[in-house]
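Coordinate analysis (summary)
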Amino acid sequence: MNFVRKSLTARYAVLLLSSCLWTGSAAWAAPQKEEGAREGFPATLVTELKSLQRAALESDYAYKQLRHLTNNIGPRISGSPQATFAAEYVAAELRRLGLEARLEKVTVPHWVRGVETAELVSYPGQAPQTTQKIVLTALGNSSATPPGGLIAEVVVVNNFEELAALGKERIAGKIVLFNEKFDRKMAAQGQSFVAYSTAVVYRTEAAKVAAPLGAIATLVRSVGGADFRLPHTGYSTPAGIPAGAVAAEDADLIAQLTSEGPVRMHLTLTPQKLPDATSYNVVADIKGSEHPEQIVIMSGHLDSWDLGTGAIDDGAGVAVAMAAAQLVQQLHLKPRRTLRVVAWMDEEQGGSGSKAYAEDHKSEIANHAGAIESDSGAGHPIGFSASVNPKALAFLAPVRAVLEDSGAGYMQHSEDPGVGADVAPLARAGVPSFGLLQDGHRYFNYHHTAADTFDKVDAHELAENAAAMAVLGYALAAMPELLPR
Ligand SMILES: [Zn+2]
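The structure reproduced in this document is the subject of the present report. It should be emphasised that the depicted structure is a prediction, and the values quoted were computed from it without experimental measurement.

1. Topic: the pattern of salt bridges
The final tally for this structure, using the stated rule, is 15 salt bridges. The partner of R113 in a salt bridge is D306, with the nearest N and O atoms 2.9 Å apart. Note that R113 is positioned in the loop between β1 (100-112) and β2 (116-122) and D306 in the loop between β11 (291-301) and α8 (311-330), a separation of 193 residues in sequence. Bridged by salt links that share partners, the residues R102, E104, D285, K287, R340 and E364 form one connected network.

Structure below.
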């Protein structure tokens with residue numbers, strides 16, 4: 001996930017409000033009900049949805065696929081050989097399940113990490129001949145310092161307003177540290193995505209805002225809620241200067257020392273921006289039996305950052321989409337419409353995968369009956385954020401009723417198409433789009449860190465996510481009527 005402020009706030013801020021809004025009493029006139037039928041869903045479909053849910057909760061397929069993507073393949077940063085190899089692996093695995101799988105070309109950025117070290121070389125109270133190590137990481141699109149690094153004074157600001165107040169005179173030639181804090185209390189109250197969207201703007205914009213004032217490098221306080229002294233990487237808007245993120249503990253240290261007197265840092269960041277690379281979206285279909293031209297997408301993004309192995313972001317999303325297709329095949333279900341698994345490339349560094357898909361499939365978009373994405377971790381799923389015609393929610397009452405059994409029966413309407421970074425272009429084009437909502441309490445403890453590893457995923461919670469994806473995906477592909485757009 002690298003979404004910034006607006007969409008995330010929309011996505012989650014409504015979470016608390018709308019649970020009272022949608023009561024399920026559909027204004028929509030239900031036809032005469034057969035035994036077991038629900039609001040326009042024939043009994044057979046309701047039975048199929050329940051069997052999908054049951055099979056998902058008993059399956060470890062998603063968990064095994066995630067283990068392979070993370071432990072066997074590893075970090076999958078955009079443009080890397082691992083990312084392309086992962087695309088080939090996912091396509092081959094979906095072909096093995098009987099899907100028509102293909103690799104669709106995408107031109108992606110190829111930024112590679114280099115040396116990343118920093119130490120304070122002069123500061124108040126310093127013991128002679130000693131330095132203090134700073135834990136940090138380079139942000140995506142960061143430029144490099146000279147190979148031997150640079151030494152400069154550090155200025156700490158808490159926000160853009162303070163930076164502007166200092167102006168060129170006090171910023172030029174300095175390293176600027178933005179000490180915006182991730183609101184842990186807000187996260188603990190279940191609003192971790194809102195807390196993230198408030199702080200992440202510093203990660204993405206710090207260098208771009210400070211460079212014109214003559215800053216020679218920028219650092220931000222890591223956007224995350226844990227106190228494991230871990231730096232969180234992520235996308236930053238290219239600004240021609242080195243851009244990094246320090247661990248929260250190190251931001252506190254530097255802020256305290258600079259409040260006592262001048263502090264100088266020796267900073268070495270040597271990433272490289274290599275030429276764009278060719279990579280792929282994986283696109284794999286279970287052809288529809290009645291309307292093969294109508295398409296329902298189930299998806300996650302395959303690329304990840306390179307500090308960890310991209311388990312919660314977003315190997316889990318891809319594994320869950322793969323599992324949903326595997327379950328449909330395992331139960332020999334025949335959807336009316338085509339069910340399409342998409343493993344998006346390059347969500348983290350600009351979204352070139354989803355943009356390429358929207359462009360290449362322009363002529364088919366009117367026939368996309370739905371698009372689902374999972375990109376908020378692997379925690380217990382609570383339901384979906386839905387960028388749909390409000391009337392469509394009533395159609396999905398049977399889906400909510402089935403998913404209520406595994407605690408994922410919640411669905412909230414979102415005015416904002418940003419229910420998922422990769423389906424947003426489709427949502428903007430009117431495709432009914434859904435983002436899987438998970439319990440995000442722990443998500444930002446590991447998000448974009450070296451600790452985003454397989455062990456952070458609970459097998460049962462992942463299976464619950466596969467159930468949610470499979471039930472909504474199959475419902476959209478099998479329900480008698482299309483959702484209103
Ligand atoms: Zn992500």
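From this point, the discussion proceeds with the structure in view.
2. Digging into the environment of I365
Within the element layout of this structure, I365 appears in the loop between α9 (352-360) and β13 (368-373). If we skip the residues at most four places from it in the chain, I365 touches A358, L426, A429, V431 and R485.

3. Quick notes on the sheet that holds β1
Spatially, the 8 strands line up as an open sheet ordered β1-β10-β12-β11-β13-β16-β14-β15, and their pairing is mixed. The strands lining the two open edges of the sheet, one partner per strand, are β1 and β15 (410-413). Neighbour to neighbour, the strand axes of the sheet diverge by 20° on average, direction disregarded. Pairing between β11 and strand β12 (residues 337-344): 8 bridges, direction parallel. Bridge pairing links S299 to V342 in β12. Running over the sheet, α8 touches β10 (272-286), β11 and β12 and is turned about 145° from β11. Where α9 meets the sheet, its contacts fall on β1, β10, β11, β12 and β13, and the angle it forms with β1 comes to roughly 135°.

4. Comments concerning the nonpolar core
In this structure, V90, L94, L302 and F434 are the most contacted members of the largest nonpolar core, which totals 97 residues. Residue-level mapping places this core at the junction of two domains, with at least three residues from each of domain 1 (3-111 + 275-478) and domain 2 (116-270). Membership of the second largest hydrophobic core comes to 24 residues, among which are I134, A138, L150 and I254.

Thresholds, definitions, all that
Residues numbered from 1 in each chain as written. Predicted model: local features only at pLDDT ≥ 70, side-chain atom pairs only at ≥ 80, totals over all residues. Heavy atoms only, no water. Salt bridge = Lys/Arg side-chain N within 4 Å of Asp/Glu carboxyl O. Helix = DSSP H or I, 4+ residues; strand = E, 2+ residues; numbered from the N terminus. Contact = heavy atoms within 4.5 Å. Pairing = 2+ DSSP bridges. Axes fitted to C-alpha atoms, helices over the stretch in contact; angles between N-to-C directions. Core = buried A, V, L, I, M, F, W, Y, C linked by side-chain atoms within 4.5 Å. Buried < 20%, exposed > 50% of the residue type's maximum accessible area, 1.4 Å probe, protein only. Domains from an automatic or database assignment.

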